Amino acid sequence: MFQRLPDADDAARRTGIRFTLDGLPAQGFAGDTVAAALLALGRDTCRQTAISGSPRGPYCMMGVCFDCLVVIDGVGNRQGCLVRLREGMVVETQAGKREVGR
Amino acid sequence: MVETYDVAVLGGGLVGTAIGLGLAGQGLRTAILDEGDVAHRASRGNFALVWVQSKGMGMPRYSSWTRESVRLWPDYAASLREESGIDVSLHQPGGFTLALSEGELERRAANMARLNAQPGFEHLDYEVWDRSQLRQVFPEIGPEVAGAIFCRLDGHVNSLRLFRAQHVVFARRGGAYLPNFQVQEISRLPGGGFRILSGERCIEAGQVVLAAGIGNARLAPMVGLDAPVRPLRGQALVTEKVAPFLSHPIVTLRQTDEGGVMMGDSQEEAGFDEATGLGILGAMADRAARMFPKLGQVNIVRTWSALRVMTKDGFPIYQHSEAAPGAFLTTCHSGVTLAAAHALAVAPMIAGEGLTDALDAFHPRRFHVPAAS
Ligand SMILES: Cc1cc2nc3c(=O)[nH]c(=O)nc-3n(C[C@H](O)[C@H](O)[C@H](O)COP(=O)(O)OP(=O)(O)OC[C@H]3O[C@@H](n4cnc5c(N)ncnc54)[C@H](O)[C@@H]3O)c2cc1C
Ligand code: FES
């Protein structure tokens, strides 16, 4: 389980960011990437692989492993660790293969 | 003691392994001698079509030979699955060539008519589809797509799994795969048979089959064979895996069984240069996105190039050496399509009485017809 550092966890000093995760309201903080926000919320899997469907979650946090793929604002297979969380973002689990045009 | 075999197959690409597993299946003690990982291998970079529609202009026999292989393919895929446990994912739903303008459609239709009108050409069923017909199969085509050529015989496989399956079946049938064995010299033994050398290493075999792709050009003259083959570069791209959206293969565009969409494949005279370049890759991606605009949003994850094994006329060569009986040459530029024929038809000929008249059209004597002045 990931935890925010005590400093970073001081909600009073950070701007909260509201977004939706698989249709439910969720919250992160300004400066989070999508992947970091998911991990801090205890969501350590964010996608199922394209062939076997096994669960995966953010791993390298620097854009090389492609295990942090999520659907962001309707666009599939986006690397959550490379996208900054924004107010009102719609984030969804990447369930297997991306659909063309989505 | 020198290792000895009934047959040595030189080259462990798609052609060599198909022939090799066929020979091992005939009960022959078979070795495949293969160059190291530095080798130029079309077998790892191809487009994986099992394809008929456009083939045989200038040699009707090539079309019927291709069709024989396509007919053998379902049984071949089933036997590979049974013996190796690997599903090569053969699908033969028919295939298309898309035209991006009325003019292109007319040109392609005229080419198909000319192909069929050749004397001695076994009639090939194909259809010219207009845009509205095509939209029933591919609802997502772009506005420029005018129509297509459709041929029911066409299909595709997963060619990397095919390559793997052929190696596994060859081993299961008792074949010996000798990697890092770059053949440098083949010589005839006084009592019949051949000695094959690579540096310090040496084996002997009663028969030898050259299946070394581009490498055949250098090896063939050692045993009285003739392999004027040259590299012809092809580049290809593949996208991230996406949910199924292409039900049928298109000659330059196909969705693999695992979801990646492949776009290809160029034909470039570039010697042994295996570079890729944005110019050609971009043009191919652009054409694909004009066929299916939604593809424009999908991410490309890999690009590559590989060298085709090309003869002057583009047709295969099958030859039994007259100067050195027992030495055979097998080479072609559609080693995926012809894999079934190589394993199930050519290998039994080599194991038996030699190449039959069925392969006569593919003898390299055709390259030596004096040019009319
Ligand atoms: C871009 C591209 C797309 C293609 N698309 C299709 C397609 O859609 N459908 C289709 O049917 N075909 C297609 N092909 C063609 C197909 O891939 C080839 O016909 C096939 O792979 C050729 O197999 P091969 O075994 O003859 O040659 P290669 O794969 O080149 O293998 C030759 C082998 O010989 C070995 N060798 C060479 N020299 C020596 C030596 N001196 N000693 C020992 N070993 C040696 C090498 O190590 C290598 O393993 C395509 C090819 C390319 C490049
Ligand atoms: S976590 Fe590795 S690419 Fe995003």
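Residues numbered from 1 in each chain as written. Chains lettered and ligands numbered in written order. Predicted model: local features only at pLDDT ≥ 70, side-chain atom pairs only at ≥ 80, totals over all residues. Heavy atoms only, no water.

**Student:** Help me understand the packing of helix H2 (residues 60-84) of chain B against helix H5 (residues 159-172) of chain B, please; the structure alone is not making it clear to me.
**Tutor:** Pairs of packed helices are described in terms of their axes, by the angle between the two and the distance that separates them. Residues and elements named next belong to chain B. At a minimum axis separation of 9 Å, H2 and H5 run at an interaxial angle of 60 degrees. Considered as vectors, H2 and H5 are oriented oblique to each other. Between H2 and H5 lies a crossing of left-handed hand. Facing H2, whose interface residues are Trp73, Tyr76, Leu80, Glu83 and Ser84, H5 presents Leu162, Ala165, Gln166, Val168, Val169 and Arg172. (Axes fitted to C-alpha atoms, helices over the stretch in contact; angles between N-to-C directions. Helix = DSSP H or I, 4+ residues; strand = E, 2+ residues; numbered from the N terminus. Parallel < 35°, antiparallel > 145°, perpendicular 65-115°, else oblique. Left-handed = near helix turned anticlockwise from the far one by under 90°. Contact = heavy atoms within 4.5 Å.)

**Student:** Can you help me understand the side chain of Thr311(B) in this one?
**Tutor:** Residues and elements named next belong to chain B. Mapped onto the fold, Thr311 is located in strand S15 (residues 300-311). For Thr311, a relative accessible area of 4% gives the class buried. Engagement of the side chain of Thr311 in a polar contact is seen with the backbone oxygen of Phe315, the distance being 2.7 Å. The contacts of Thr311, once residues within four sequence positions are left out, are Pro228, Val229, Arg230, Ile317, Arg366 and Phe367. (Buried < 20%, exposed > 50% of the residue type's maximum accessible area, 1.4 Å probe, protein only. Polar contact = N/O pair within 3.5 Å; in protein donor to acceptor, adjacent residues only side chain to side chain.)

**Student:** In this structure, what is going on with unusual backbone geometry? I would like to understand it.
**Tutor:** Most peptide bonds adopt trans geometry, and most residues besides glycine take a negative phi value. Here the phi dihedral of Asp22(A) falls at roughly 50 degrees; this positive angle occurs in a residue that is not glycine. Relative to the helices and strands, Asp22(A) resides in the loop between strand S1 (16-21) and strand S2 (24-29). Under the relative-accessibility criterion, Asp22(A) is labelled partly exposed at 37%. Positive phi values are uncommon outside glycine, yet Ala48(B) reaches one of about 70 degrees.

**Student:** Sorry, what's going on with the site of ligand 1 here?
**Tutor:** Residue and element names in this part refer to chain B. The full set close to ligand 1 counts 37 residues, and Asp34, Ser43, Val183, Gly335 and Thr337 are the nearest of them. Here an oxygen atom of ligand 1 and a backbone polar atom of Gly335 are 2.7 Å apart. At the level of elements, helix H1 (14-25), helix H6 (216-219) and S15 are the ones that each hand at least two residues to the shell around ligand 1. Partitioned by chemical class, the residues of the shell around ligand 1 number 16 nonpolar, 15 polar and six charged. (Near = heavy atom within 4 Å. Nonpolar A, V, L, I, M, F, W, Y, C, P; charged D, E, K, R; others polar.)

**Student:** What am I meant to see in the environment of Thr33(A) here?
**Tutor:** Residue and element names in this part refer to chain A. For Thr33, the location among the structural elements is in the loop between S2 and helix H1 (34-40). Sequence spacing of Thr33 and Val100 is 67 residues, and the spatial spacing of their C-alpha atoms is 25 Å. Ignoring any residue separated from it by four or fewer positions in sequence, one finds Thr33 in contact with Met61, Gly80, Cys81, Val83, Arg84 and Leu85. At 3.0 Å, the side chain of Thr33 forms a polar contact with the backbone nitrogen of Ala36.

**Student:** Got a minute to help me understand the nonpolar core in this structure?
**Tutor:** Generally speaking, a soluble globular protein has its nonpolar side chains buried in company with each other. Residue and element names in this part refer to chain B. Judged by nonpolar contacts, the single largest core of 56 residues is most densely connected at Trp73, Tyr76, Val157 and Leu162. Elements that contribute at least two residues to this core include exactly strand S1 (3-10), H1, H2, helix H3 (102-117), strand S6 (147-151), H5 and helix H8 (339-351). Considering each element in turn, this core owes the most residues, eight residues, to H8. If sequence neighbours within four positions are ignored, Trp73 has contacts with Val50, Val88, Leu90, Gln92, Val157, Leu162, Val336, Thr337, Ala339 and Ala340. Of all hydrophobic cores here, the second largest spans 26 residues; its members include Phe181, Ile203, Leu210 and Ala327. (Core = buried A, V, L, I, M, F, W, Y, C linked by side-chain atoms within 4.5 Å.)

**Student:** Would you mind going over the sheet that holds strand S12 (residues 229-241) of chain B with me for this structure?
**Tutor:** The strands making up a sheet associate through hydrogen bonds between their backbones, and the pairing can be parallel or antiparallel. Residues and elements named next belong to chain B. With antiparallel pairing, four strands are arranged side by side in an open sheet as S13-S14-S12-S15. A single partner strand is all that each edge strand has here, and the edge strands are strand S13 (253-255) and S15. Adjacent strand axes in the sheet meet at a mean angle of 25 degrees when their direction is disregarded. Where S12 meets strand S14 (residues 260-263), three bridges bridge the pair, whose relative direction is antiparallel. Note that in S14 the partner of Leu237 across the bridge is Met263. Strands S12, S13, S14 and S15 of the sheet are contacted by helix H7 (residues 278-291), whose axis makes an angle of about 50 degrees with S12. (Pairing = 2+ DSSP bridges.)

**Student:** Looking at this structure, how should I read the pairing of strand S17 (residues 327-331) of chain B?
**Tutor:** Regular strands place side chains that alternate from one sheet face to the opposite one. Residue and element names in this part refer to chain B. Extensive coverage of S17 is indicated by the burial of five of its five residues. Residues Ala327, Leu329 and Thr331 line one face of S17 and the alternating positions Phe328 and Thr330 line the opposite face, and both faces are buried. Summarising the sheet, strand S11 (residues 201-210) and S17 pair through three bridges and their orientation is parallel. When the sheet's bridge partners are listed, Val208 is paired in S17 with Ala327.

**Student:** Hey, could you run me through H2(B) in this one?
**Tutor:** Since there are 3.6 residues in each turn of an α-helix, residues three or four apart along the chain are aligned in direction. Residues and elements named next belong to chain B. Taking 1.5 Å of rise per residue, the 25 residues of H2 would be expected to cover 36 Å, and the 35 Å separating its terminal C-alpha atoms lies within 8% of that figure. For H2, the principal kink sits at Trp73 and spans about 45 degrees; a proline, Pro74, occurs within the next four residues. At the exit of H2 stands Gly85, carrying a positive phi of roughly 75 degrees. (Expected span 1.5 Å × (residues − 1). Bend = angle between axes of the 7 residues up to and from the residue.)

**Student:** What is the right way to look at the interface of chain B and chain A in this model?
**Tutor:** Reports often express the size of an interface as the amount of accessible area lost when the parts come together. Taken together, the contact between chain B and chain A spans 13 residues of the former and eight residues of the latter. Together, the buried faces of chain B and chain A total about 910 Å²; carbon and sulfur atoms form 61% of this surface. Taken together, the connections running from chain B to chain A amount to one salt bridge. One can count four residue pairs in polar contact (both at pLDDT 80 or more) joining chain B with chain A. For the side of chain B that touches chain A, a count of residues per class yields five nonpolar, three polar and five charged. (Buried area = accessible area lost by both parts, 1.4 Å probe. Salt bridge = Lys/Arg side-chain N within 4 Å of Asp/Glu carboxyl O.)

**Student:** It is not clear to me how the domain arrangement of chain B should be interpreted in this structure. Could you clarify?
**Tutor:** All names here are of chain B. Segmentation of chain B into domains returns domain 1 (2-52 + 160-228 + 313-366), domain 2 (95-152) and domain 3 (230-311). Measuring from the centre of the C-alpha atoms in domain 2 to the corresponding centre in domain 3 gives 20 Å. Facing the 16 residues of domain 2 at the interface are 12 residues of domain 3. Together, the buried faces of domain 2 and domain 3 total about 1200 Å²; carbon and sulfur atoms form 63% of this surface. Its largest share of buried area at the contact with domain 3, domain 2 owes to Leu100, Phe138 and Glu140, together 42% of the area lost on that side. The tally of links between domain 2 and domain 3 comes to three salt bridges. (Domains from an automatic or database assignment.)

**Student:** Which parts of the structure should I look at to understand the packing of aromatic side chains?
**Tutor:** Centre-to-centre distance and the angle between the planes together describe a pair of aromatic rings. All names here are of chain B. Under the defined criterion, the tally for this structure stands at 11 aromatic pairs over all chains. Seen from their ring centres, Trp65 and Phe362 are 6.2 Å apart, and the 50 degrees between their planes marks the pair as tilted. Of this pair, Trp65 sits in helix H2 while Phe362 sits in the segment after H8, and the two are 297 residues apart along the sequence. Residue Trp65 shares its accessibility class with Phe362, and that shared class is buried. Ring geometry for Phe96 against Phe138: centres 5.3 Å apart, planes inclined by 65 degrees, an arrangement best described as edge-to-face. You can see Phe96 sitting in strand S4 (residues 95-99) and its partner Phe138 sitting in the loop between helix H4 (131-137) and S6, a full 42 residues away along the chain. (Phe/Tyr/Trp six-rings, centres within 6.5 Å; stacked < 30°, edge-to-face > 60°.)

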